[in-house]
Structures are given as C-alpha cells and as structure tokens.
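# Structural description and commentary
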Number of protein chains: 2
Amino acid sequence: MRDDEKPNLRRLPLFREMMTPTFDSLMQIAYSQSFPAQLELIRQGEYADFLHVIIEGSVELHASWNGRDTVMGIVHPVSTFILAACVYDEPYLMSARTLERSQIVLIPVADVRVALRRDSDFAMAAMRELAGGYRAFVRQAKNLKLRNSLERLAAYILHQSCRSGDAATIVLPVEKRHLASHLGMTPENLSRSMKALQGHGVVVQGMRVTITDRARLAAIAVPDPLMDGPVIKAPTVLPRRREMPSLARKRG
Amino acid sequence: MRDDEKPNLRRLPLFREMMTPTFDSLMQIAYSQSFPAQLELIRQGEYADFLHVIIEGSVELHASWNGRDTVMGIVHPVSTFILAACVYDEPYLMSARTLERSQIVLIPVADVRVALRRDSDFAMAAMRELAGGYRAFVRQAKNLKLRNSLERLAAYILHQSCRSGDAATIVLPVEKRHLASHLGMTPENLSRSMKALQGHGVVVQGMRVTITDRARLAAIAVPDPLMDGPVIKAPTVLPRRREMPSLARKRG
DNA sequence: CGTAGGTTTGACCGCCTTCAAACTTGGTGG
DNA sequence: CCACCAAGTTTGAAGGCGGTCAAACCTACG
C-alpha cells in the first residue's frame, strides 16, 4: 500500500491509539486496492478474509433473503467495515458492494486477531468500534419500528443537514433508489414522500434538497439523539468527504 | 451477592475466560438484587451505572419515541445486557423492565472498565459479546426489512422450536401483546396471523403452539441462519430456563 | 362470583406496495 | 451538436398488508 495512505488510517478511531509497532506490522501486511463501481466485495454467508477500510469512494452494505434485497447501510471514507465478522469468525450477515470506484485497504483477519491479542489499546478501540456499530443498528431498528416512512425521510434529511453543519441545502449522497431501500421503502414511495414534504418546509430539485422551514420539518421527524445519533456536527466546512452521488441497486 | 451465584456468572462467555483475580475482584464489588415484576430497571437516555447480569426471571428491552413504544428484545438468564452503553459511556438507547420477579447481578461500570483494561482475556470476551450483540441487531433489522409480519411470526415459531431441540410444541415465553411488539406488529395483527398459520402446519391453543407440519411452516418462514441466527440447538432437554409466560407492555 | 386485563373478532381505513406507463437524465455515437 | 438509448425517477390507479377503534370474549385472580 502507498505510504501516503497510512496517516489516514492512523487517524481512525480504530487505529489511533494502538501501539506504533502493532500498527506498522499491520501496515506491512495490509494492501490497498482500487475497485471499480458496482463490484461485489463481500457476499453474505461467506467468511471474513480481510478487515476492510474504505479510503475513497463509497460502499453499500446490503442483505438479501428469498429473492428480496435491502440496503442496510452505506459506508463512506474513512472508516472500517465488517469488524464484527472478523472478530467473531462467523459468516457475513451482509454483502458489500462498491457504489463508485473505491480505494480500499485490506488487512488479513488473522493478523488483525494477532494484533488484538497483543495490543490491548487496539483491543479497547475495537471494542469501542463494535459498541458503536451495535448502537447504530439499535438505532436503525428503532427507526424502523417507531417511525413511518415519511418520518424516516424527514429525519434523514435533517440528519444529513446536521452532518453538514446545519446546511440548508444538501445533496443526496446516493441514488434515490438506494436511499429508498436504505430507509425501508420503495422508490415510488420515496418519490411521493419527497413530494409530500414539499409544503412542509422542504424543496426538492433532483438530488438537491433544501430545507426552507426547519421547524416544520422537525415537527414531522421529531429528531431524537437516541434514534438519530448524537448531535456531532461536522465543522461547517465538511471534512474531505465526497457528498456527491454515484450509482447502485435496490430493495424488496 | 450470594456465593452460589458466582459459578453461574463464571460460566458465562463474558466471564468464562477472564483471569481469576479479575473475576474475584469484580465479584467482591458486585451485588445481587431481586426485583419485582414490572420494574423499570433502566430508562433510555440515562447513563450506565452498572453492567447487568440476569440470573433468574426475564427482562424486556424496549424503546420509545414520540409517545410510541416498542419491544426491542427479551433477555433470559443467564446473560448480560447493556454492555455497549457501559463500554461507550453514552446514554442508553433502550429501556429495560422486568417481566417477572428477577434476580439480577449489578457490577459498577467503573470496575468493569478497570477490569477490561487490566485483563485482556476479559477484553477479548467483551469484544466477542459485543460483536454478537451487533450481529443480533443486524439480523433483527434484516428480519424487519425483508420479511412481512406473517413470515416473521412463522420464523419466530420455528426458531423457538429449534431452541427447544426441535420440539413440536412450544409455549410462548411472553405475553402475546409483547410478542407482537417484539415482532413489529399489533396484538390484533398477531392474533390474525396466528389464525392464518393454522391450516399451514400450526395449531394454536392459548400460549401453546404446536407445529403439525414443519415443511409447510418453513415454506412461509424460509428460515435462514443469516437472519434467524446460527442453528445451535439446545440439548433436547432445555437448560434451566423458564419458558413460561409472565407480564409486560406494548408497541406503537 | 365479579372484576380487570389480555385476547380475539369485526369493520373500517390508511400507509405502502405493485404494476404500468410517462417522463427525465445522462451517456454514446452518428 | 443532436438523436437516441438505457437507466432512473415520477405519476397514476388499484389493491393488500397491517393499523385503529370498538365490542365481545376469555382467563386469572381476588
């Protein structure tokens, strides 16, 4: 892997506090690879070979069953995914696919496990990462069970805005088809919900969504840190992360 | 806490492999307490004081938002809950309430954190526990997004049967009201779904559910280890765990 | 035996999906 | 540069899954 990628990894919560020798040994074995868009990186049911770290691009986690398919989450740089399957040594519960050309660092799970045993700071960080992932999915389950689709969409828009430093205008980071599946609805329903939100504090033009009346939107979404995640606003200017669209698939 | 409770704790995956001194020091500080039915042990939004270990009884994890409420999970002995909030030092995402009189061991989070730092075997076990919890919620989200309510119920019945060593007859472990909320539906809908399953390989009489035609039921549920959990059958005779009903609340 | 709480049943309604067609949009090649 | 095609999105109509409300029915318990 390229040397200029290492500092980015080193800054990650997962790697930030680990000992330098452990980090360096992992980096020696790790390799970075570029994948084209629409490539299936991981298939659910298979076993973990590598811990994945996305450096550039975007990856969609999805799951399928009985011919249906749904988007479970979308991963943006810089972050890791499928840590749980690495730790647990059980099959992946989700598949992963690139949405656009993506740069990904692969670290063999065997080496990750050795590092976890050797470096307790790394183990603690991994634990925190897993706890965070756990909480994210608890939130997702709450979101699905407690809100209807209009409320989920409203909350999503507010959340995206919040992540961009309360920007009035956001650009959807993925195709609407994927967003719909992510939010647990059909593309048709998303389209209608978008229209329904117009006249409730939102203007939509293509991928661009503008909040004209935050209070009215919030009245529908009823944001809650216990469901939408802690209110950690990005600096008003976003960190280097592409908030631009791409390509992808759908839900059942 | 009573000495005769310690071996039960020691057998838990979370505590099994930790060093004896660490375990003993935790046990000295921990205390065991009996709680009446219907007691709110934990309220979402609060911060973690104690790691909870349920020794006897049953506890329901639920979440509420905007006046609605839903059951997120049900915890049976012997297992721990709210590890994630302990590790992360962020507010609980779920509330917890006893369904029946329950014996619970409380371990102060501060001591748990110290033990995690000191004992890397314990840290590894906690990591595995968290990874397991993470995967459980991924499965729950898949279940909610990919199956409809009839399919969820069918899968639930098969799963319970499987956990009882493929027993033909199971007794619902909680009130139907709670089960309904757990499965993401209303009591009325659960009632109708139960009736719908009769004539598809199931006979229902009160809390007793009998599978008369496993194949037909499976045709509806389409069981999948990636969604319903690994096929770890309990020994044909269940471990000491009460599979009997109790009391509780509901969903929105 | 009576009451309270849980469950079932029925009627109705609304959210959301399905299917189908029209309409954009973006990319490609004449 | 424009025409065309493929893919995504929007719109409409119809229907089903599941929710709501209300009443009747059970069941447990005092």
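These numbers were taken from a predicted model, which means no experiment stands behind them.

## Here we look at the domain arrangement of chain A
All names here are of chain A. According to the domain assignment, chain A consists of domain 1 (3–143) and domain 2 (148–228). Here the C-alpha centre of domain 2 lies 27 Å away from the C-alpha centre of domain 1. Taken residue by residue, the interface counts eight residues in domain 1 and six residues in domain 2.

## Re the relation of the copies chain A and chain B
You can overlay chain A on chain B at an RMSD of 0.0 Å; the transform is a turn of 180° with a shift of 0.0 Å along its axis. Such a turn and shift between the copies fits a two-fold axis. In terms of C-alpha distance to the rotation axis, chain A has Tyr134(A) as its closest residue, with the C-alpha 2.1 Å off the axis. Of the residues that chain A buries at the interface, 100% are likewise interface residues in chain B, meaning the two copies contact each other through the same surface.

## A word on the confidence of the model for chain A
Confidence in the prediction for chain A averages 89 pLDDT; 92% of positions are at 70 or higher. Every residue in residues 236–252 of chain A scores below 50 in pLDDT, and together they form 44 contacts with partners more than four places removed in sequence or on other chains.

## Looking at the environment of Met207(B)
Among the secondary structure elements, Met207(B) is positioned in the loop between strand E10 (202–205) and strand E11 (208–211). Each C-alpha atom of the pair Met207(B) and Lys176(B) lies 8.0 Å from the other, and the pair is 31 residues apart in sequence.

## A look at the protein's contact with DNA strand D
Near DNA strand D you find 17 residues, and of these Lys176(A), Arg177(A), Ser191(A), Asn148(B) and Asn189(B) are the closest. Going through the elements one at a time, helix H8 (176–182) and helix H9 (187–197) of chain A together with helix H7 (149–163) and helix H9 (187–197) of chain B are the ones with two or more residues in the surface near DNA strand D. Grouping the constituent residues of the surface near DNA strand D by class yields four nonpolar, six polar and seven charged.

## Considerations on the sheet that holds strand E10 (residues 202–205) of chain A
Residues and elements named next belong to chain A. Spatial strand order, E9-E11-E10: three strands in an open sheet with antiparallel pairing. Since the sheet does not close on itself, it has two edges, and those belong to strand E9 (169–171) and E10, each with one partner. Recorded for the sheet is a direction-independent mean angle of 20° between the axes of neighbouring strands. Across three bridges, the pairing between E9 and strand E11 (residues 208–211) is antiparallel. Bridge pairing in E11 places Thr-169 opposite Thr-210.

What counts, and where the lines are drawn
Every residue gets a number counted from 1 within its own chain, in the order that chain's sequence is written. For this description, chains carry letters from A and ligands carry numbers from 1, given in the order in which they are written. Local features in this predicted model are restricted to residues of pLDDT 70 or higher, and side-chain atom pairs are both shown and tallied only at a pLDDT of 80 or more, whereas totals for entire chains, interfaces and linings draw on every residue. Residue ranges labeled as domains rest on an automatic or database domain assignment. Working definition of a contact: two residues with C-beta atoms, positioned from the backbone, lying within 7 Å. All copies are superposed by least squares; the fitting set is the C-alpha atoms of residues with a pLDDT of at least 70 in both. Values of pLDDT, ranging from 0 to 100, describe the predictor's confidence in every residue of the model. Starting at the N terminus, helices and strands are each numbered in turn, a helix being any DSSP run of H or I of at least four residues and a strand any DSSP run of E of at least two. Residue proximity rests on one test: whether the C-beta atom, placed from the backbone, lies within 6 Å of the molecule or strand. Each residue receives one of three labels: charged for Asp, Glu, Lys and Arg, nonpolar for Ala, Val, Leu, Ile, Met, Phe, Trp, Tyr, Cys and Pro, and polar for the others, Gly being one of them. By definition, two strands form a pair when at least two bridges between them are found by DSSP. What counts as an axis is a line fitted to C-alpha atoms, over the stretch in contact for a helix, and the angles between N-to-C directions run from 0 to 180 degrees.

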